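# Structural features, examined
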Amino acid sequence: NTGDRVPALIIGSGYGGAVTALRLAQAGIDTHIVEMGRDWGTATSGVFTSTTAPDKRGFWLRNRTAQPVSHFMGVSIDKDIEKYVGILDAENMGGINVYQGRGVGGGSLVNGGMAVTPRRGYFEELLPSVDSNEMYNVFFPRANAGLGVNNIDTAWFESTEWYKFARTGRKTAERSGFKTVFVPNVYDMNYMKQEAAGSVPKSALAGEVIFGNHHGKKSLPKTYLGQAASTGKVTITTLHRVTKVVPSGAGYSVEMEQIDEQGNVVATKTVTADKVFFAAGSVGTSKLLVAMKAQGHLPNLSGEVGQGWGNNGNVMVARANHLWDATGSKQSSIPTMGIDNWDDAGGPAFAEIAPFPAGADLFISLYLAITKNPQRAQFQYNSSTGKVGLSWQASQNQPGINMAKRIFDKINSKEGTIYRTDMFGGYKVWGDGLTYHPLGGAILNKATDNHGRLHGHPGLYVMDGSLVPGNLGVNPFVTITALAERNIANIVANDMH
Ligand code: FAD
């Protein structure tokens, strides 16, 4: 409520926010999270919309769906919907659509659960200021445990019809000499086996993923946020969007808009906080910080704020297999395997073998490639609109495409197969206009000190994907979680007395 004073306010309830809340609460600090999305709860039916025919619950404040794989047989599969505070945001940032989760739990509500610890050598190259012994001995293990990361039973993987698509993806990759690897996940793999056996309600095996998941996935409300709630020290206020942070006495005054389920602003509130933790995600945090600096509210922020953004080299692509390389009419929505071509000096890439659960065998292999695309963009304030944009141009994804082609051109030529051109609109082969992995905008040890303290304004911290230089080589949430664990341990020890 307006006029309240709180010791710690966290903006956003994704990975960075959830870790911060738990560790502050465990240190005895009253902690308040402000989240602009809704609380989706933990009920096990009727909450989330279906994957194949999403309604308003699927998308954040749009009049039309924006499916990542937007076309089939060349025809758009998007349709009109009511504007609602739905779970998946397809935020148009000029040259790229940035997909993000909205609600208590942030990206954990919508993501594929792939839980990958990055290669140590590359992590050290990327964040040389971080003590990697400490990361790999303490904080990556802590994050994996906190998130509930587990592995698929490989014997089951080899035999179940639900992963035929992945075995076909592996076989065609290996025939071209590529290495494949199993990928850990936060989806409860024992639960999935029971789904296959028919003894529990289906979730991954009912295609649920990007619009929410009723069972099986250990999203943040079931892990970090659940634990945080049980301390009794954490309050979450939903449907409130932070719009302004300004110094006020020894702390900060935080302005927010309360919105209704159609996104209309119904109230404006101001509270005071001793410490403010930015955990609104790479885009959310960067937009806020760049606006606050440009508008003179946080004038001492470093010029590094808004810099170093990347799309984690994301490009999607699909191949048409021969009729003898079926991918199965039954497909689990949870990916568990990737093609690892990161050692290819001519174009490092790691490609997730993604499901395409359409209910019929379409002989399609779909991939989400994470490439070492070095291109970066900046967030910039536009003083005439008062909005923050991103400088990313569509053409900046060409290096990523070139890197992914080193895998898939080779497979196509070996197999005598072709790319599908009917899935991303306009006869496009590459899904290059979107990312699931926004990273950067407040890079660790540049915009902040080596533990996420923003330069120039003591008591302000960055805790989310904004800290990670735009290109991690693997899916990002384990790294975001582990860095948050590392930084909050240091902040609790030194700043919270
Ligand atoms: P987020 O999780 O994005 O959380 C930020 C939160 O802040 C959101 O809940 C948002 O609503 C809230 N917020 C934003 N602005 C404001 C504001 N002004 N006021 C109040 N609240 C605000 N990663 C993986 O590692 N493995 C995967 O398999 C994987 N699959 C993915 C699939 C999809 C479809 C998507 C979209 C992402 C996927 N990701 C995956 C990426 C992963 O989910 C993100 O990297 C991760 O969620 C980022 O964490 P974060 O803490 O930086 O922010």
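The notes below deal with the structure included here. For clarity, every value in this text was computed on a predicted model and none was experimentally measured. Here the residue numbering is sequential within each chain, running from 1 through the sequence in written order. Residues qualify for local features only when their pLDDT is at least 70, as the model is predicted, and side-chain atom pairs are given and counted only at 80 or more; totals for whole chains, interfaces and linings, by contrast, use all residues. Excluded from the side-chain calculations are hydrogens and water; all other atoms, namely the structure's heavy atoms, are used.

### With respect to the overall build of the chain
Numbering goes from the N terminus for both helices and strands, where a helix is a DSSP run of H or I of at least four residues and a strand is a run of E of at least two. Counting its regular elements, the chain contains 10 helices and 21 strands. Within these notes, the globule rule equals 2.2 Å times the number of residues to the 0.38 power, and the radius of gyration is based on C-alpha atoms. The C-alpha radius of gyration of the chain comes to 22 Å, within 12% of the 23 Å expected for a compact globule of 497 residues. With a 1.4 Å probe rolled over the protein chains alone, any residue whose accessible area is under 20% of its type maximum counts as buried; one over 50% counts as exposed, and the rest are partly exposed. Here the chain, with 497 residues, has 60% of them falling under the buried criterion. Nonlocal contacts in the chain, meaning residues at least 24 apart in sequence, comprise 72% of its contacts between residues at least 6 apart. If you sum the accessible surface of the chain, you get close to 17,800 Å²; carbon and sulfur atoms cover 49% of it. In this charge count, Lys and Arg are treated as positive and Asp and Glu as negative; neither His nor the chain ends contribute. By convention, the point assigned to a charge is CZ for Arg, NZ for Lys, CD for Glu and CG for Asp. The centroid of the 45 positive side-chain charges in the chain is displaced by 2 Å from the centroid of its 41 negative side-chain charges. Here, residues are in contact when the closest pair of their heavy atoms is within 4.5 Å. Using a 1.4 Å probe, the Shrake-Rupley method yields the accessible areas, and only the shown protein chains count as cover for residues.

### Thoughts on empty space enclosed by the protein
Grid points spaced at 1 Å and placed over the protein atoms alone form the basis of the search, with a cavity being a set where a 1.4 Å probe fits but cannot get out and a pocket an open set showing protein on both sides within 12 Å along at least five of seven lines. Lining residues have an atom within 4 Å of a point. Grid points are joined across faces, edges and corners, and a volume is the space filled by probe spheres set on the points. One pass over the structure, following the stated rule, counts 1 cavity of 30 Å³ or more. One number sums up the size of the largest cavity: a volume of about 120 Å³. What lines the largest cavity is a set of 13 residues, and nearest its centre among them are Gly41, Phe48, Asn213, Ser219 and Lys222. Of the residues contributing to the lining of the largest cavity, the split by class is 4 nonpolar, 7 polar and 2 charged. In this count, Pro and Cys sit with the nonpolar residues alongside Ala, Val, Leu, Ile, Met, Phe, Trp and Tyr, while Asp, Glu, Lys and Arg are called charged and the others, Gly among them, polar.

### Description of the side chain of Thr479
Tracing the chain through its elements places Thr479 in helix H10 (residues 477-495). Apart from the residues lying within four places of it in its own chain, the contact partners of Thr479 are Val116, Pro118, Phe123, Phe140 and Leu472.

### Quick word on the site of the ligand
Taken together, 36 residues are adjacent to the ligand, and Glu35, Gly107, Met114, Gly465 and Phe477 come closest. Nitrogen and oxygen atoms within 3.5 Å of one another constitute a polar contact, given that in protein one can donate a hydrogen and the other can accept it, and given that sequence-neighbouring residues count only through two side-chain atoms. At a separation of 3.1 Å, an oxygen atom of the ligand approaches a polar side-chain atom of Asn111. Residue Gly113 places a main-chain N or O atom 3.3 Å away from an oxygen atom belonging to the ligand. Protein chains bury 95% of the 1,000 Å² of accessible surface belonging to the ligand in isolation. Residues are labelled near a given molecule or strand when at least one of their non-hydrogen atoms is within 4 Å of it.

### Concerning the sheet that holds strand S20 (residues 434-435)
When DSSP finds two or more bridges between two strands, those strands count as paired. Taken in spatial order, the 3 strands line up as S5-S6-S20 in an open sheet, and their pairing is mixed. At either margin of the open sheet sits one strand with a lone partner, and together these are strand S5 (88-92) and S20. In terms of strand pairing, S5 meets strand S6 (residues 97-101) through 5 bridges, oriented antiparallel. Within the sheet, the bridge partner assigned to Asp89 lies in S6 and is Gln100.

### Observations concerning the nonpolar core
Nine residue types can take part in a nonpolar core, namely buried Ala, Val, Leu, Ile, Met, Phe, Trp, Tyr and Cys, and a core is a set of them joined through side-chain atoms within 4.5 Å. Core analysis: the largest hydrophobic core is formed by 91 residues, its most contacted members being Leu9, Met135, Val245, Val276, Phe277, Phe278 and Trp309. Considering each element in turn, this core owes the most residues, 8 residues, to H10. Counting 33 residues, the second-largest nonpolar core is a separate cluster that includes Ile152, Ala166, Phe178 and Ala404.

### Notes on the packing of helix H3 (residues 132-147) against H10
Running from N to C, H3 and H10 point in directions that differ by 115°, and their axes come no closer than 8 Å. It follows from the interaxial angle that H3 and H10 lie roughly perpendicular. In this structure, H3 meets H10 at a crossing whose hand is right-handed. Here H3 contributes Glu134, Met135, Phe139, Phe140, Arg142, Ala143, Asn144 and Leu147 to the contact with H10, which in turn contributes Phe477, Val478, Thr479, Thr481, Ala482, Leu483, Glu485, Arg486 and Ala489. Under this scheme, a helix contributes an axis fitted over its contacting stretch, all axes are lines through C-alpha atoms, and angles between N-to-C directions fall in the 0 to 180 degree range. Should an angle fall under 35 degrees it is called roughly parallel, over 145 degrees roughly antiparallel, and 65 to 115 degrees roughly perpendicular, with every other angle called oblique. Helix crossings are classified by the rotation of the near helix relative to the far one: an anticlockwise turn of less than a right angle makes the crossing left-handed, while a clockwise turn makes it right-handed.

### Details of the pattern of salt bridges
A side chain with one charge can pair with a side chain of the opposite charge if their charged atoms come near. Salt bridge criterion: a side-chain nitrogen from Lys or Arg within 4 Å of a carboxyl oxygen from Asp or Glu. Taken as a whole and assessed by the stated rule, the structure comprises 26 salt bridges. Between Asp343 and Arg119 there is a salt bridge; the shortest N-O distance is 2.8 Å. Of this pair, Asp343 sits in the loop between strand S13 (337-341) and strand S14 (349-354) while Arg119 sits in the loop between S6 and helix H2 (120-126), and the two are 224 residues apart along the sequence. According to the relative accessible area criterion, Arg119 is partly exposed, its value standing at 33%.

### Section: the packing of aromatic side chains
Only rings of Phe, Tyr and Trp enter the pairing, Trp through its six-membered ring, and a pair is recorded when the two centres are within 6.5 Å. The plane angle decides the type: under 30 degrees is stacked, over 60 is edge-to-face, the rest tilted. Summed over all chains, the structure comprises 18 aromatic pairs. Their ring planes at 85° and their centres at 5.8 Å tell us that Tyr99 and Tyr436 sit as a pair that is edge-to-face. Placement of the pair is Tyr99 in strand S6 and Tyr436 in the loop between S20 and strand S21 (460-462), with a sequence separation of 337 residues. Taking relative accessible area as the criterion, Tyr436 reaches 28% and is therefore assigned partly exposed.

### Some remarks on the packing of helix H5 (residues 164-175) against helix H9 (residues 398-415)
Where H5 meets H9, the axes come as close as 9 Å, and the angle between the chain directions of the two elements is 85°. Here H5 lies roughly perpendicular to H9, going by the angle between them. Counted together, Thr172, Ala173 and Arg175 of H5 and Ile411, Lys414 and Glu415 of H9 form the full contact between these two elements. Each residue belonging to the contact of H5 with H9 can be placed in one class, and the counts come to 2 nonpolar, 1 polar and 3 charged.

### Description of the environment of Val266
Its place among the elements puts Val266 in strand S11 (residues 265-278). Along the sequence, Val266 and His240 sit 26 residues apart, while their C-alpha atoms lie 9.9 Å from each other. When near neighbours in sequence (up to four residues on either side) are disregarded, Val266 contacts Gln258, Ile259 and Asp260.

### Observations concerning H3
Most pronounced at Phe139, the bend in H3 amounts to some 35°, and the proline Pro141 follows within four residues. Those residues of H3 that sit buried are Ser132, Met135, Tyr136, Phe139, Phe140, Ala143, Asn144, Gly146 and Leu147. Elements in contact with the buried residues of H3: helix H1 (15-26), H2, helix H7 (224-230) and H10. Its side-chain oxygen 3.0 Å from the backbone nitrogen of Asn133, Asp131 forms the N-cap of H3. Note on H3: the residue one or two positions beyond its end, Gly148, has a positive phi of about 75°. Bending is quantified residue by residue as the angle between axes fitted to the seven-residue window ending at that residue and the seven-residue window starting at it.

### Observations regarding the pairing of strand S16 (residues 379-382)
Judged from the 4 bridges that link them, S16 and strand S17 (residues 387-390) form a sheet pairing that is antiparallel. When the sheet's bridge partners are listed, Phe379 is paired in S17 with Leu390. With antiparallel pairing between neighbouring strands as the criterion, S16 and S17 make up a hairpin whose turn holds 4 residues, including Gly386 at a positive phi of roughly 75°.

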